[in-house]
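The lines below spell out each chain.
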Amino acid sequence: MTNETARKPAGNTGEAAASPPPGPRRSVDLDRDEALRLLGSVPFGRIVLTRHALPTVRPVNHVLDGGDIVIRTHDGAALTARAREADGAGVVVAYEADVIDPDTHLGWSVVATGYARLVTDPAELARYQALLVPWTGHPMDHAVRISPDLVTGVRLTAGDPEGA
């Protein structure tokens, strides 16, 4: 790989890069309720956990249930193993979801940090298996509930960052 190739962003097809959108942008903090509402409005996000002492990020689909984030996992998944090892306390994770327009650079991003625990109640597990259809053909026999302790979010809006 040449230095020139290494500098090109992934997915560059040789077309001219889109120019930045006109006008200034600003970031507006979201309160917990609005952040959770937005997170619940999208079907997928990214789970962040520690694996071999390093951060690992995986895209997953989710459902928001009473302020908790629920995802399905399989027996060999790192999250399943970590949640099982953590006993009742759960394992610390972060969950991120966003919608950001690639052309205007407007949208929102939410991060929820808390404890992930395996869903062990058979009736609850059956309900989540009905609500969440896996993306892959891999059997997803487990569900993990993330109880967020900290929920932060930002809305990216058009506007003067100095004057609003």
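All residue numbers here refer to positions counted from 1 along the written sequence of the relevant chain. Two thresholds apply to this predicted model, a pLDDT of at least 70 for residue-level local features and 80 or more for giving and counting side-chain atom pairs, whereas whole-chain, interface and lining totals are computed over all residues. Hydrogens and water molecules were not included; the side-chain quantities draw on all heavy atoms of the structure.

Bringing the side chain of histidine 62 into the picture now. Helix numbers and strand numbers start at the N terminus; a helix is a DSSP run of H or I with at least 4 residues, a strand a run of E with at least 2. Here histidine 62 lies in the loop between β3 (54–61) and β4 (63–65). According to the relative accessible area criterion, histidine 62 is buried, its value standing at 6%. The definition of a polar contact used here is a pair of N or O atoms within 3.5 Å, where within protein one atom must be able to donate a hydrogen and the other to accept one, and adjacent residues in sequence count solely through side-chain atom pairs. There is a polar contact of 3.0 Å between the side chain of histidine 62 and the backbone oxygen of leucine 39. Two residues qualify as a contact provided that any one of their heavy atoms is within 4.5 Å of a heavy atom in the partner residue. With sequence-adjacent residues up to four places away left out, histidine 62 is seen in contact with Leu39, Val42, Pro43, Phe44, Gly45, Ile69, Val70, Ile71, Tyr95 and Leu132. Exposure categories follow from relative accessible area, calculated using a 1.4 Å probe and restricted to protein chains: below 20% of the type maximum is buried, above 50% is exposed, and the middle band is partly exposed.

In these notes, a set of buried Ala, Val, Leu, Ile, Met, Phe, Trp, Tyr and Cys residues joined through side-chain atoms within 4.5 Å is what counts as a nonpolar core. Residues Ile47, Ile71, Leu79, Val93, Tyr95 and Val110 are the most contacted members of the largest nonpolar core, which totals 25 residues. At the level of secondary structure, the elements contributing two or more residues to this core comprise α2 (32–40), β2 (44–51), β5 (68–73), α3 (78–85), β6 (91–100), β7 (107–118) and β8 (142–158). Counting 7 residues, the second-largest nonpolar core is a separate cluster that includes Val63, Val70, Leu125 and Ala143.

This part is about the confidence of the model for the protein. Per-residue confidence from the prediction method is given by pLDDT, with values spanning 0 to 100. For the protein, the mean per-residue pLDDT works out to 85, and 84% of the residues sit at or above 70. Here helix α1 (residues 3–7) stands out as the least confident element of the protein, with mean pLDDT 41; α2 is the most confident, with 97. This stretch, residues 1–14, has a pLDDT under 50; its non-local contacts, to residues over four places away or in other chains, come to 1 contact.

Moving on to the environment of aspartate 29. On the secondary structure map, aspartate 29 appears in strand β1 (residues 25–29). Each C-alpha atom, one on aspartate 29 and one on tryptophan 108, is 9.6 Å from the other, the two residues being 79 residues apart in sequence. In this view, aspartate 29 contacts Gly153 and Val154; residues no more than four positions away in its chain are not counted.

Let us look at the side chain of threonine 73. Mapping threonine 73 onto the fold places it in strand β5. Only 2.6 Å separates the side chain of threonine 73 from the side chain of threonine 80, close enough to count as a polar contact. Those residues in contact with threonine 73 that sit more than four places away from it in its chain are Leu79, Thr80, Met140, Asp141, His142 and Val144.

The volume enclosed by the largest pocket comes to roughly 410 Å³. Lining the largest pocket are 21 residues; nearest its centre among them are Arg58, Pro59, Val60, His74 and Met140. Here the lining of the largest pocket takes 5 residues from β3, the largest share from any one element. Ten residue types, Ala, Val, Leu, Ile, Met, Phe, Trp, Tyr, Cys and Pro, are classed as nonpolar, four, Asp, Glu, Lys and Arg, as charged, and the remainder, Gly among them, as polar. For the lining of the largest pocket, a count of residues per class yields 11 nonpolar, 7 polar and 3 charged. In the cavity and pocket records, a cavity denotes points on a 1 Å grid over the protein atoms alone where a 1.4 Å probe fits but cannot get out, a pocket denotes an open set with protein on both sides within 12 Å along at least 5 of 7 lines, and lining residues are residues with an atom within 4 Å of a point. Grid points are joined across faces, edges and corners, and a volume is the space filled by probe spheres set on the points.

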